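# Structural overview
Take a look at the letters that make up each chain.
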Amino acid sequence: MDRLANTVRPYAWGSTTALPELLGTAPTGEPQAEMWLGAHPGAPSRIDRGAGPVSLAEIIDADPEAELGADAVRAFGPRLPFLLKLLAAGSPLSLQVHPDRTQAAEGFADEERRGIPIDAGHRNYKDANHKPELIVALTPFDGLCGFRHPAQAADLLAGLGVDDLKPYVDILRASPEEDALREVLTAVLSAEHHAIADTVERAAVAADQLAARGGPHADAYAAYAVLAHHYPGDPGVLAAMLLNHVRLQPGEALFLGAGIPHAYLGGLGVELMANSDNVLRCGLTPKHVDVPELLRVVRFEAGDAGVLRPEDVNGEEVYETPIDEFRLSRFVAAPGAAPHTLPSRTPQILLCTAGTVRLREAGAEAGDGGGAGDGAGPALAPGESVFVPAGERITLSGDGTLFRATVVA
């Protein structure tokens, strides 16, 4: 196994304190938004096998089957198909959706054909892949995920008492679900800027007042007031009011599949996603918003946010998703407990988030069987991580929490 040296990305929405507190480093005063673990070309992790630090992407490119295993290469090609992150949101991220594989391939091919530079601000598709995501809360974590039922959204908007919202309320109450959500989102995002900005401001003032009074929607109104504070006049604030507000407790998770509108509002979490940079934005951002393409990709389906809790599988707490490119699980090691042996057929990134977890290597064997390891290995502190090539059998013990990212192959 190889210790990883990882890059922290300083996006403006990042927390100035959450990652330093986890990593045990001094805050710089600047936002620290994400720590990337993997082989994404934007910021690949680095390892040192005796000849100095080398990009994990270069190591995998040199011998994909040795690093990833034949099964993973056959299923996903000669690359690590996922990206693991520590994500620390100090302020809201943009409201966004991701395309499915077919939409991404079509969109990427179309923009390539039209000669749009890959780094152009108005480019939607940076690659031909989908971008499903899973976020697991390490602290209380606020987010928006999926459409509310139209009747619920109508009640929320009506409660604000803003006359300009009444046409949206009427549509949400009178039209079939998909039609209602599509019509209102289209109207909000296509409205004349000055008029919608004024409506957003009045809705924000009302939301702030209602949040202070308490009641069943107080947390949601408070979240929307915060959005309006960060993005005054942005139509994305009204779009956000169509979505479920959710507060995850530590250990709870959200899976964000294709076409599901979502936004992270604040908190620290472990995020795992397919390797892609394809994002279509609905608002809450100064970046490009392509309304027609967004409406083509969004799934206008209502439901609850779908909070996930891990399922115990022989001591491994698994967050089940319908995705093969990644699989996330958690181990909580306790003093005196027997060491736990990890499956070894697939490549793995192991990340400690609490306490101390001791890893031991039992040799680079191809099977999944085995007992306790016999090779000395690292003790991981919070924020420390390793890459485990396919075929290496690892056992863990200690007093801490370890996340395991791998593939289904």
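Numbers given to residues run from 1 along each chain, matching the order in which its sequence is written. Residue-level local features of this predicted model are given only where pLDDT is at least 70; pairs of side-chain atoms are given and counted only at 80 or more, and the full residue set underlies all totals for whole chains, interfaces and linings. The side-chain numbers reported here are obtained from all heavy atoms of the structure, hydrogens and water having been left aside.

## Topic: the overall build of the protein chain
What counts, and what does not: Here a strand is any run of E in DSSP of at least two residues, a helix any run of H or I of at least four, and the numbering for each starts at the N terminus. Computation of the radius of gyration draws on C-alpha atoms alone. For the globule rule, the value is 2.2 Å times the number of residues to the power 0.38. Any residue under 20% of the maximum accessible area for its type is buried, any over 50% is exposed, and the rest in between are partly exposed; the area is computed with a 1.4 Å probe on protein chains only. Pairs of residues are marked as contacts when any of their non-hydrogen atoms sit within 4.5 Å. Surface accessibility follows the Shrake-Rupley procedure with a 1.4 Å probe radius. Residue values consider only the protein chains on display as shielding. His is not counted, nor are the chain ends; Lys and Arg add positive charge and Asp and Glu add negative charge. We put the charge of a Lys on NZ, of an Arg on CZ, of an Asp on CG and of a Glu on CD.
The helix and strand inventory of the protein chain stands at 12 helices and 21 strands. The globule rule puts the C-alpha radius of gyration for 409 residues at 22 Å, and the 22 Å found for the protein chain is close to it. Along the first, second and third principal axes, the C-alpha atoms of the protein chain reach 70 × 50 × 40 Å. Buried residues in the protein chain amount to 56% of all 409 residues. In the protein chain, 77% of the contacts between residues at least 6 apart in sequence involve partners at least 24 apart. When the accessible area of the protein chain is evaluated, it comes to approximately 16600 Å², of which 51% is carbon and sulfur surface. Of the charged side chains in the protein chain, 32 are positive and 55 negative, and the gap between their average positions amounts to 1 Å.

## Thoughts on the nonpolar core
Operational definition: Here, nonpolar core means buried Ala, Val, Leu, Ile, Met, Phe, Trp, Tyr and Cys residues that are tied together by side-chain atoms lying within 4.5 Å of each other.
One finds Leu95, Leu144, Phe147, Leu160, Leu172 and Met241 to be the most contacted residues of the largest nonpolar core, which totals 57 residues. Residue contributions to this core peak at eight residues, all from helix H9 (residues 193-213). For Leu160, the contacting residues outside a window of four places in its chain are Leu165, Ala203, Ala206, Ala207, Leu210, Tyr221 and Met241. The next biggest cluster of nonpolar side chains, apart from the first, holds 38 residues, and it includes Ala18, Leu19, Ala57 and Ile349.

## Overview of the packing of aromatic side chains
How we decide: Centres within 6.5 Å make a pair out of two Phe, Tyr or Trp rings, where for Trp the six-membered ring is used; the pair is then stacked when the planes are under 30 degrees apart, edge-to-face when over 60, and tilted otherwise. Two conditions define a charge sitting above a ring: the NZ of Lys or the CZ of Arg must be within 6 Å of the ring centre, and it must be within 35 degrees of the ring normal.
For the structure shown, the criterion picks out three aromatic pairs. Aromatic pair Phe141 and Tyr264: ring centres 5.5 Å apart, planes at 80°, arrangement edge-to-face. A residue pair is termed long-range when its members are at least 10 positions apart, and Phe141 in strand E9 (residues 141-147) and Tyr264 in strand E12 (residues 262-274) qualify at 123 residues. Residue Phe141 shares its accessibility class with Tyr264, and that shared class is buried. Centre to centre, the rings of Phe147 and Phe300 are 5.5 Å apart; their planes meet at 20°, and the pair counts as stacked. Of the two residues, Phe147 sits in strand E9 while Phe300 sits in the loop between helix H12 (291-297) and strand E14 (311-313), which places them 153 residues apart along the sequence. Classification of Phe300 by relative accessible area gives buried; the value is 4%. Of note, Arg9 hangs over the ring of Trp36, and the distance from its end group to the ring centre comes to 4.5 Å.

## Observations concerning helix H7 (residues 166-174)
Threshold: Directions are taken from the helix axis to each C-beta atom, and the arc is the one they span.
Listing the buried residues of H7 in full gives Tyr168, Val169, Ile171 and Leu172. Along the axis of H7, the buried positions cluster into a sector of 165°, meaning they face one direction only. Looking at H7, the residues exposed on the side facing more than 90 degrees away from the buried face are Lys166, Arg173 and Ala174. Check the buried side of H7 and you find it contacts helix H6 (150-158), helix H8 (177-190) and H9.

## A closer look at the confidence of the model for the protein chain
In plain terms, the rule: One confidence number per residue, pLDDT, is output by the predictor and ranges from 0 to 100.
Residues with a pLDDT of 70 or more make up 97% of the protein chain, whose mean pLDDT is 93. Every residue in residues 364-374 scores below 50 in pLDDT, and together they form 28 contacts with partners more than four places removed in sequence or on other chains.

## A short note on the side chain of Ser329
Here is the rule: Side-chain atoms alone can form a polar contact between residues adjacent in sequence; in general such a contact is a pair of N or O atoms within 3.5 Å, and within protein one must be able to donate a hydrogen while the other accepts it.
Mapping Ser329 onto the fold places it in strand E16 (residues 327-333). Overall, Ser329 belongs to the buried group, its relative accessible area being 1%. Only 2.6 Å separates the side chain of Ser329 from the side chain of Glu316, close enough to count as a polar contact. Setting aside its immediate chain neighbours within four residues, Ser329 contacts Glu316, Glu317, Val318, Tyr319, Leu402, Phe403 and Arg404.

## Comments concerning the packing of H6 against H7
Let me state the cut-off plainly: A fitted line through C-alpha atoms represents every axis, and for helices the fit uses only the stretch in contact; the resulting angles, taken between N-to-C directions, go from 0 to 180 degrees. Reported orientations rely on four angle classes, namely roughly parallel under 35 degrees, roughly antiparallel over 145, roughly perpendicular from 65 to 115, and oblique for the rest. Handedness of a helix crossing follows the sense of rotation of the near helix relative to the far helix, less than a right angle counterclockwise being left-handed and clockwise being right-handed. Note that Gly is not counted as nonpolar here; it falls among the polar residues with everything else outside the nonpolar set of Ala, Val, Leu, Ile, Met, Phe, Trp, Tyr, Cys and Pro and the charged set of Asp, Glu, Lys and Arg.
Viewed as axis vectors pointing N to C, H6 and H7 meet at an angle of 160°, and their least axial separation amounts to 8 Å. Taken together, the axes of H6 and H7 lie roughly antiparallel to each other. In this structure, the crossing between H6 and H7 has a hand that is left-handed. Two secondary-structure elements touch here, H6 through Pro150, Ala151, Ala153, Ala154, Asp155, Leu157 and Ala158 and H7 through Tyr168, Val169, Leu172 and Arg173. For the contact of H6 with H7, the residue count by class is nine nonpolar, no polar and two charged.

## Some thoughts on the pattern of salt bridges
How we decide: For salt bridges, the criterion is a side-chain nitrogen of Lys or Arg within 4 Å of an Asp or Glu carboxyl oxygen.
Following the criterion strictly, the structure yields 25 salt bridges and no others. Between Arg202 and Asp164 there is a salt bridge, and its shortest N-O distance comes to 2.4 Å. Here Arg202 is found in helix H9, whereas its partner Asp164 is found in the loop between H6 and H7, with 38 residues between them in sequence. Here Arg202 falls in the partly exposed class, since its relative accessible area comes to 33%. Three or more residues joined by partner-sharing salt bridges are found here, namely Asp2, Arg49 and Glu67.

## Description of the pairing of strand E11 (residues 253-256)
Put simply, the test is: Being paired, for any two strands, means DSSP has found at least two bridges between them.
Across the two faces of E11 the burial is the same, with Ala253 and Phe255 and Leu254 and Leu256 all buried. Summarising the sheet, strand E8 (residues 133-137) and E11 pair through four bridges and their orientation is antiparallel. Bridge assignment links Val136 to a residue of E11, and that residue is Ala253.

## Comments concerning the packing of H7 against H8
Following both chains from N to C, one finds H7 and H8 inclined at 160°, their axes separated by 8 Å at the closest point. Judged on the interaxial angle alone, H8 and H7 are roughly antiparallel. In this structure, H7 meets H8 at a crossing whose hand is right-handed. On H8, the residues that touch Tyr168, Ile171 and Leu172 of H7 are Ala180, Leu181, Glu183, Val184, Ala187 and Val188.

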